[in-house]
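Notes for the structure review
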Amino acid sequence: MTRPYYLIIYVLISCLAVTCVRDYPSTTPNAPPVVNPPSGGLPGQPQPSTQRRLFLDNDKLRVGIDLNMGGAITYLAEAGSSENMVNNPDLGRQIQTSLYAGPVYYVQNGKQPVEQWKYLGWNPVQAGDYYLNPAQIVSYKQTDNELYVKSIPHIWPLLNEPAECTFEHWVTIKDNTVHVRCRVVVNRSDTTQYEARTQEAPCVYLNGPYDRMITYTGLRPFTNDAVSEFSDRNMTNRYATENWTALLNTTGRGVGLYKPGEVRFRTAAFGLPKVGGEFDQSAGYMNGEEFLLIDHNGQYEFEYTLILGTLTDIRQYVYSQPRPPSAPNYTFVNDRQGWFYTNTTDKGWPIQNELNVSWSRKNTRDVSFRIASPLNFWYAENVPKLYIEAAFQTKGTVARLSWRKSDEIDFMETDGRYVDFPIVGDGQFRTYELNTSQLSGWDGIISQLSLTSPPSQYTFEVGSRVRLRSVTTTK
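So, here is what we can say about the structure in this document. In this text the structure is predicted, and so the values were computed from the model without any measurement. (Residues numbered from 1 in each chain as written. Predicted model: local features only at pLDDT ≥ 70, side-chain atom pairs only at ≥ 80, totals over all residues. Heavy atoms only, no water.)

Moving on, we come to helix α1 (residues 311-319). Helical geometry note: an α-helix holds 3.6 residues per turn, so side chains three or four residues apart project in the same direction. Those residues of α1 lying buried are Ile314, Arg315, Tyr317, Val318 and Tyr319. On the buried face of α1, the contacting elements are β10 (177-186), β16 (244-248), β17 (253-258) and β21 (299-310). (Buried < 20%, exposed > 50% of the residue type's maximum accessible area, 1.4 Å probe, protein only. Helix = DSSP H or I, 4+ residues; strand = E, 2+ residues; numbered from the N terminus. Contact = heavy atoms within 4.5 Å.)

The following block contains the structure:
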């Protein structure tokens, strides 16, 4: 959630997600560098409230959360150092959770969003709001190796408006790592199911010297292949195939962000390069950019790990973790497994052993709906077959499986990245077997799957439904 001052704000449309999915990140992309304000912020700019920090430490690191900032992580340092790496000029930085959903524009209790953030929509932020009103702490607990905090976040662009949800965070440390688990419980009065959005789960803001943006984006993950370092300071999506990204300083030390199974990350840097402290505007930024449909009554959990040290330290930790699945194996027991929709909806939360999706469009545009998997990384050779367990209730007779390759920004169905397969529309569950190894274009790296209907079936869609139980590589 970058909140630079005196900059021109505009909306970045995220093409990496999927067709027609709109992403309004709380960030200022492509902004020119600005001169740092004095330590403590711009003249006349109010500062966050007095610190109320709780700490954990060991012989490798020290981490602190602030109860006057919604329990967000506001302090992180290597053992023996007094340098706090976390950037804290307002309540939109820190290391914290920030979520997004519709509508755009979002109004609550008659309060309009501040102009430069009006495109954010429903945006609960763990630390507080644009006006420096801190989030409410519901409860907290500290033990020898764990910090727990439950909070009611604020809607970032609105003046002192608590969000209709709660955040819970559990923070633990081990060696040179900080592990964070987050649970979100939503209780919105608006029951509309809005489109999925990319999230900041979490966002990580470090001080200006930590602006070397490094990750692995290659096609041979977990082989010690060469990493990439990015000089472009604009807000940019990264296809991080080893599930991590890092911000380092000129000496090669800093913080890595590891999120199991996640390949969507963003990086950026703001202000002047290589300079700035905790309350200065210059910063390095990275996030774990999960794509998530947030229900009005949904419950969600995610976890991540911060790794302190060198690039070798970061990668060594990541390589010691379990490998992500080598093939798509989704069974929809009690959640969507990261799947989401374009131009259609499902029956909402809770998910009960299936995705119950309207096999139809929400409007009359001459485009189809889409049911899409999260972005991922699979070798096509590891997926010789796919089994789709589904019940179609439709007058249509054909469904379409589409896939994306790693270098494509969208589903390229015009290039043959799809197969149409016959379905039975009587509402009964069947397992549809697709021999993907025989399909043209099913090769190299597969990064995403989707189900839709071909143009010949559009007239059959309205009023139709599909109940999807699983998409797997074995029966």
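The next subject is the pattern of salt bridges. Inspection of the entire model under this criterion finds 29 salt bridges. Because the salt bridges share partners, they merge into one network encompassing Glu168, Arg181, Arg183 and Glu301. (Salt bridge = Lys/Arg side-chain N within 4 Å of Asp/Glu carboxyl O.)

Attention shifts here to the packing of aromatic side chains. Counted according to the given criterion, the structure contains 21 aromatic pairs. Between phenylalanine 302 and tyrosine 304, the aromatic rings sit 6.3 Å apart at their centres with planes inclined by 20°, giving stacked as the arrangement. The exposure class of tyrosine 304 is buried, given its relative accessible area of 2%. Ring geometry for tryptophan 359 versus phenylalanine 392: centroids 5.2 Å apart, planes at 80°, classification edge-to-face. (Phe/Tyr/Trp six-rings, centres within 6.5 Å; stacked < 30°, edge-to-face > 60°.)

A word on the nonpolar core. Judged by nonpolar contacts, the single largest core of 88 residues is most densely connected at Leu76, Val178 and Leu306. Not counting chain neighbours up to four residues away, the residues in contact with leucine 306 comprise Ile73, Leu76, Ile95, Asn176, Thr177, Val178, Val204, Val255, Gly256 and Leu257. Ranked by size, the runner-up nonpolar core spans 12 residues in total, among them Ile214, Trp244, Tyr317 and Tyr319. (Core = buried A, V, L, I, M, F, W, Y, C linked by side-chain atoms within 4.5 Å.)

Take it as geometry only, folks, not as evidence of what the structure does.
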